[in-house]
Amino acid sequence: MSPAASAPVFSHLPRPFGPPPMLSTLLLRHRLAAAAASPTRSPLRVLAAMSSSASSSSPHGGRKTNRLAAEHSPYLLQHAHNPVDWYPWGDEAFEKARAKDVPIFLSIGYSTCHWCHVMEVESFENEEVAKLLNDWFVSIKVDREERPDVDKVYMTYVSALHGGGGWPLSVFLSPNLKPLMGGTYFPPDDNYGRPGFKTVLRKVKEAWETKRDALERTGNLVIEQLRDALSAKASSQDLPNDLAVVSLDQCVEKLSSSYDPKFGGFGSAPKFPRPVEDYIMLYKYRKHMEAGKETDAQNIKKMVTHTLNCMARGGVHDHVGGGFHRYSVDECWHVPHFEKMLYDQGQIVNVYLDTFLITGDEYYSTVARDILDYLRRDMIGKEGEIFSAEDADSAEYEGAPRKKEGAFYVWTSKEIEDTLGENGELFKNHYYVKSSGNCDLSPMSDPHNEFKGKNVLIERRPASLMASKSGRALDEYSQILGACRQKLFDIRSKRPRPHLDDKVIVSWNGLAISAFARASQILKSGSTGTRFNFPVTGCNPVEYLEVAEKAANFIKEKLYDASSKRLHHSYRNGPSKAPGFLDDYAFLINGLLDLYEFGGNIGWLLWAVQLQVTQDELFLDKQGGGYFNTPGEDPSVLLRVKEDYDGAEPSGNSVAAINLIRLSSIFDAAKSTGYKCNVEHLLAVFETRLRQLSIALPLMCCAADMLSVPSRKQVVLVGQKGSVEFQDMVAATFSSYDPNRTVIQIDPQNTEEMEFWDRNNANIAQMARSSPPGKQAVAHVCQDFKCSPPVTSPEALHELLNKAVAAASSAA
């Protein structure tokens, strides 16, 4: 069965958003291989008869209000005035389809998706298209960020069918919700010999009337195939001894072979920041250093640092306002699709923080601050909640009839000259600004001349080199650039802003909480007196911890039911109807563990432990191993998937595995063993894919290696948490990179904490009680079932924590 062969007409379509198709397609083919039907009559082949094509346009339609006006989702509200008789996902729509005995047209997207906007303008605002949909179908609109469980079912189907997917997702279903056919973006009219959306609607109606039995039978078979393929079970709970080494080394080797030495990154255009790739490379760097393989370690470091340098200098980075856009359409990280997603920001921050710890180079810490300060300025609500995304599209001017992609972010040469005056030429030289426009670095950058005369800021040379060429000291040169960016920011702020999706998603907030919490200590390692330039604020890192705690408190107050101990998935004007999914629990637990380790408040650890209990109750396959992505309580969600692909977001199973390993190093033997058993069973489910497709599961490869470490390093900090001495010891603990380290902060004078440790790890409690008296802070470092003598100074602790790497390096 070859999805690519099944749907040749899909191959030319833009992939508006999603993971690099090569990995997701390979993984899906691998999953489905055992479930494939006869080569000549595979259900997936039968359904590949219809398809979509390239862009066209039609007049803007009417503004009739439909039932989506009662929804809270920004994406659904964007469609509330379409002439299409939209329904939200739910029983009302399903019952209407059964009563009329017609197919369902399901459209899935999200509010900041460029190609979703295009299809809305071209088709869903078109009266003719709306009449066909209203007469022949029941039309349902779904926000994939609000209902990732629904999206997962039908995106998996389309990806299996056509070798890739994207948004907008367009799928036709039977009244019992089984898929009949599907694709992504459909233009309204036939073009270049390929069918448009109106033709597709007519063909689906005809097929429903003449071949209904075959279509429904095929839909049932497809769902059964996918259900079998995506709910893998472990044949054994015992992991082979070589799995960790094989999967980790194979993944790093494959990433290294795909590395772009010119522009950085792993793979070719379009280039997505996929932070899990950098994570595993840095993880392997540390392994090499501990083994004394310094040359191998330096080769990996060079790949990661070059990638991060190119990303930060590229147009995918918003130089004026901070933060990163979703991805670049070209190989040189230059011209992006301009939406900004919260899950990218949180993960990218952590990669830059880790690289700062390894290199000591303030450049990487400054980029991390750039992202965090962008989030603080533009993406956080009054109660500390962190919003989801900003749109790619915006109006070029107030009252413009249409929005354009990137309008908020691009510049003409004249705008920059008029704004910056005497420094305009310096700024233009630095950011490759040209009067004709600068989107010319690659044939892929602007193939349709959409940005003619416009510039996407990009640094083609490091600031140090450009400062030298200008005859200025680097500090002076950087200050000039910062002042210029501030002026452009002020001008840009007067433009119509892109739409802000102010929905609060638990899983994405979990990723951001982790980044803010970690930054609060890691950035203390920076040089004192460092000057920051706009858009970096240069605040005291402690402020980042406050942001993380406020976000966590918002979730606990607004999205957590203390009686049932369950999460809701998202919030906007109230909690969504959707329950919390695996990613919500796993990503939030990860963030809470970071809040505890970096901030020291045991309340976050207690909540993380409780959420882990609930996660196990709702999602754990106790017989087969691993976690399902949904609770399985909604009959309208046809597939209960065990997700393993570490893509734009890591998989819930990968993050859950690392959470369990971290928890196992906190508790005593009885509870620790239970956590480890669940990890072993989880990894056993994905053993084959870890061996054969490790490049698709980089974070899970790291989890496998973490589990294989005989004893995770424990750093137990005892003392008065509010004291300067204690905080200096915490900062010293996090001044070096070590992904196999657990930090426990404990105040022996705190009754609640001591009671917790007496119940859960008597050794830790005894360590706290027996620490040398009269000291505000004492550190105990334990590994391989023994503890070093306690140390009482940050310098001694730093030396002790880096002893293994230093010894290996000197031996080499």
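Since the model is a prediction, treat every value here as computed from it, not as a measurement.

(A) Looking closely at the nonpolar core. One finds W89, Y154, F197, Y352, L605, W757 and L797 to be the most contacted residues of the largest nonpolar core, which totals 216 residues. Not counting chain neighbours up to four residues away, the residues in contact with L605 comprise L593, Y596, L663, I666, F756 and W757. In this structure, L426, V433, M466 and F534 belong to the second largest nonpolar core, which totals 18 residues.

(B) Region of the structure containing the state of the cysteines. Scanning all chains against the criterion turns up two disulfides. Two residues, C113 and C116, share a disulfide whose sulfurs are 2.4 Å apart. Across the disulfide from C113 to C116, rotation about the S-S bond amounts to roughly 80 degrees, and the bridge is consequently right-handed. For C116, a relative accessible area of 2% puts it in the buried group. Here C782 pairs with C787 through a disulfide, and the sulfurs are 2.0 Å apart. As the torsion about the S-S bond is roughly 100 degrees, the C782-C787 disulfide counts as right-handed. C787 gets classed as partly exposed once you look at its relative accessible area, which sits at 44%. Once the disulfide-bonded cysteines of the chain are ranked by sequence position, their pairing pattern turns out to be 1-2, 3-4.

(C) Quick peek at empty space enclosed by the protein. One pass over the structure, following the stated rule, counts five cavities of 30 Å³ or more. Lining the second largest cavity are 31 residues, with Y279, N350, R518, N590 and D594 sitting closest to its centre. Among the secondary structure elements, those contributing two or more residues to the lining of the second largest cavity are α12 (275-290), α14 (342-359), α20 (506-522), α22 (582-599), α24 (652-664) and α27 (698-708). When residues in the lining of the second largest cavity are grouped by element, the largest group, six residues, is from α14. Within the lining of the second largest cavity, the residues separate by chemical class into 16 nonpolar, seven polar and eight charged.

(D) Examining the sheet that holds strand β8 (residues 340-341) more closely. One open sheet accounts for three strands, arranged β8-β9-β12; its pairing is antiparallel. Unpaired on one side and paired on the other, β8 and β12 (500-501) mark the two borders of the sheet. Where strand β9 (residues 389-390) meets β12, two bridges bridge the pair, whose relative direction is antiparallel. Looking across to β12, one finds that E390 is bridged to L500.

(E) Structural detail: α14. Look at α14: 26 Å from first C-alpha to last across 18 residues, which is about the 26 Å you get at 1.5 Å a residue. Counted residue by residue, α14 has 17 buried out of 18 residues, so it is predominantly covered. G360 lies just past α14 and shows a positive phi near 75 degrees.

(F) Expanded view of the layout of surface pockets. Considering only enclosed or pocket space, the second largest pocket measures out at about 790 Å³ in volume. If you go around the second largest pocket, you meet 28 residues; those closest to its centre are Y363, T366, E459, A463 and S478. If you list the elements that add at least two residues to the lining of the second largest pocket, you get α13 (294-313), α15 (362-378), α18 (463-470) and α19 (474-492). Looking at the lining of the second largest pocket, the element that brings in the most residues is α15, giving six residues. Residues of the lining of the second largest pocket, tallied by class, amount to 12 nonpolar, eight polar and eight charged.

(G) Local environment of the packing of aromatic side chains. Under the definition given, this model contains 32 aromatic pairs. Each ring, one from W86 and one from F124, has its centre 5.0 Å from the other, and the planes form 85 degrees; the classification is edge-to-face. With W86 in strand β1 (residues 86-88) and F124 in helix α6 (residues 114-124), the pair connects residues that are 38 residues apart, well separated along the chain. The burial state of W86 is the same as that of F124; both residues are buried. Aromatic side chains Y110 and W167 sit 6.2 Å apart centroid to centroid with 85 degrees between the ring planes, which places their arrangement in the edge-to-face category. Of this pair, Y110 sits in the loop between β2 (104-109) and α6 while W167 is found in the loop between α8 (148-162) and β4 (169-173), placing the two residues 57 residues apart along the sequence. Accessibility expressed as a relative area gives 0% for Y110, which makes it buried. Judged by its relative accessible area of 7%, W167 is buried.

How each quantity is defined
- Residues numbered from 1 in each chain as written.
- Predicted model: local features only at pLDDT ≥ 70, side-chain atom pairs only at ≥ 80, totals over all residues.
- Heavy atoms only, no water.
- Core = buried A, V, L, I, M, F, W, Y, C linked by side-chain atoms within 4.5 Å.
- Buried < 20%, exposed > 50% of the residue type's maximum accessible area, 1.4 Å probe, protein only.
- Contact = heavy atoms within 4.5 Å.
- Disulfide = S-S within 2.5 Å.
- 1 Å grid on protein atoms, 1.4 Å probe; cavity = no way out; pocket = protein on both sides within 12 Å on 5 of 7 lines; lining within 4 Å.
- Points joined across faces, edges and corners; volume = space filled by probe spheres on them.
- Helix = DSSP H or I, 4+ residues; strand = E, 2+ residues; numbered from the N terminus.
- Nonpolar A, V, L, I, M, F, W, Y, C, P; charged D, E, K, R; others polar.
- Pairing = 2+ DSSP bridges.
- Expected span 1.5 Å × (residues − 1).
- Phe/Tyr/Trp six-rings, centres within 6.5 Å; stacked < 30°, edge-to-face > 60°.

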